[in-house]
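# Architecture at a glance
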Amino acid sequence: MLIQYFKDTDTLYIVLREDGTVETRDLDDNTLLDLDAEGNICAMTLEHTSERTDLKQFSVEGLAA
């Protein structure tokens, strides 16, 4: 899993799995979903992130080894 924030474009990119993206769908005007052949989400892109989320409160809990 990978989470990247691009300050210059205010974009958050979350990769859930690296393998098999075959399609990208617009969920709304500012959210894109990358899907594999079975329709599972591989990644998500959130544009205008600072307006839509609270980046200052980012935390990670319960990571599996």
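One structure accompanies this document, and this report is about it. Here the structure is a predicted model, which is why all the values come from computation and not from measurement.

### Things to note about the overall build of the protein chain
- The secondary structure content of the protein chain amounts to 1 helix and 5 strands.
- Listing the helices and strands of the protein chain from first to last along the sequence gives β-β-β-β-β-α.
- Burial analysis of the protein chain (65 residues in total) assigns 23% to the buried set.
- Taken as a whole, the protein chain presents about 5100 Å² of accessible surface, with 50% of it coming from carbon and sulfur.

### Focus: the environment of Tyr 13
- Looking at where Tyr 13 falls in the secondary structure, it is placed in strand β2 (residues 11–15).
- The exposure class assigned to Tyr 13 is partly exposed, which follows from its relative accessible area of 24%.
- Tyr 13 sits 18 residues away from Thr 31 along the chain, and the two C-alpha atoms are 10.0 Å apart.
- Dropping the residues within four chain positions of it, Tyr 13 is found in contact with Leu 2, Ile 3, Gln 4, Phe 6, Asp 34, Ala 43, Met 44 and Thr 45.

### Here we look at the pairing of strand β1 (residues 2–6)
- Where β1 and β2 come together, 5 bridges link them in antiparallel fashion. Bridging across to β2, Ile 3 finds its partner in Ile 14.
- Linkage of β1 to β2, two consecutive antiparallel strands, is achieved through a turn of 4 residues, within which Asp 10 is found at a positive phi near 55°.

What counts and how
Residues numbered from 1 in each chain as written. Predicted model: local features only at pLDDT ≥ 70, side-chain atom pairs only at ≥ 80, totals over all residues. Heavy atoms only, no water. Helix = DSSP H or I, 4+ residues; strand = E, 2+ residues; numbered from the N terminus. Buried < 20%, exposed > 50% of the residue type's maximum accessible area, 1.4 Å probe, protein only. Areas by Shrake-Rupley, 256 points an atom, 1.4 Å probe, with all protein chains shown as cover. Contact = heavy atoms within 4.5 Å. Pairing = 2+ DSSP bridges.

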